[in-house]
Amino acid sequence: MLTALGGTIRSLMAIYAPRKALGIYLVLYILALIAVFPFIGDGLKDYIAVAGTTFFCFSVWFKENFLAHRFFAFMHQISWIIAFILLGSYGGLALISVMFFSNIIGTGRYILKQRS
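These notes cover the structure that comes with them. (Residues numbered from 1 in each chain as written. Predicted model: local features only at pLDDT ≥ 70, side-chain atom pairs only at ≥ 80, totals over all residues. Heavy atoms only, no water.)

The next point concerns the packing of aromatic side chains. As enumerated under the stated definition, the model contains 10 aromatic pairs in all. Ring centres of Phe58 and Phe72 lie 5.4 Å apart, and the angle between their planes is 50°; this geometry places the pair in the tilted category. A residue pair is termed long-range when its members are at least 10 positions apart, and Phe58 in helix H3 (residues 44-61) and Phe72 in helix H4 (residues 66-87) qualify at 14 residues. With a relative accessible area of 35%, Phe58 lands in the partly exposed category. Its relative accessible area of 17% is what places Phe72 among the buried residues. Each ring, one from Phe71 and one from Phe72, has its centre 5.3 Å from the other, and the planes form 65°; the classification is edge-to-face. In this structure an aromatic cluster arises from ring pairing among Phe55, Phe58, Phe62, Phe71 and Phe72. A cation over an aromatic ring shows up here: Arg19 above the ring of Trp61, its NZ or CZ 3.8 Å from the ring centre. (Phe/Tyr/Trp six-rings, centres within 6.5 Å; stacked < 30°, edge-to-face > 60°. Helix = DSSP H or I, 4+ residues; strand = E, 2+ residues; numbered from the N terminus. Buried < 20%, exposed > 50% of the residue type's maximum accessible area, 1.4 Å probe, protein only. Lys NZ or Arg CZ within 6 Å of the ring centre and 35° of its normal.)

This is the structure we're talking about:
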């Protein structure tokens, strides 16, 4: 529950907070995940989920750099696809798959635009 609350705050700060406050929050959020994980982690799927969440934090931080943002978003989505497969969550897998294909289409459009 706290991870979801932290993720919600992260997403809201990515939209509304100044960049310095966002950076401080992202560092604290990642440190909190890493500090709490040994007490609540329950195997490989949780390691992958924490890695995916960390990649998403990097993606939020690099939102002004298109390719870095898309790369970290891609790593986040791959991590969560694997985690949802291990969890057997079809709903989560469907949701993250839509995000994954959207990322691929957006990156492809950006590359094609740069070439023309």
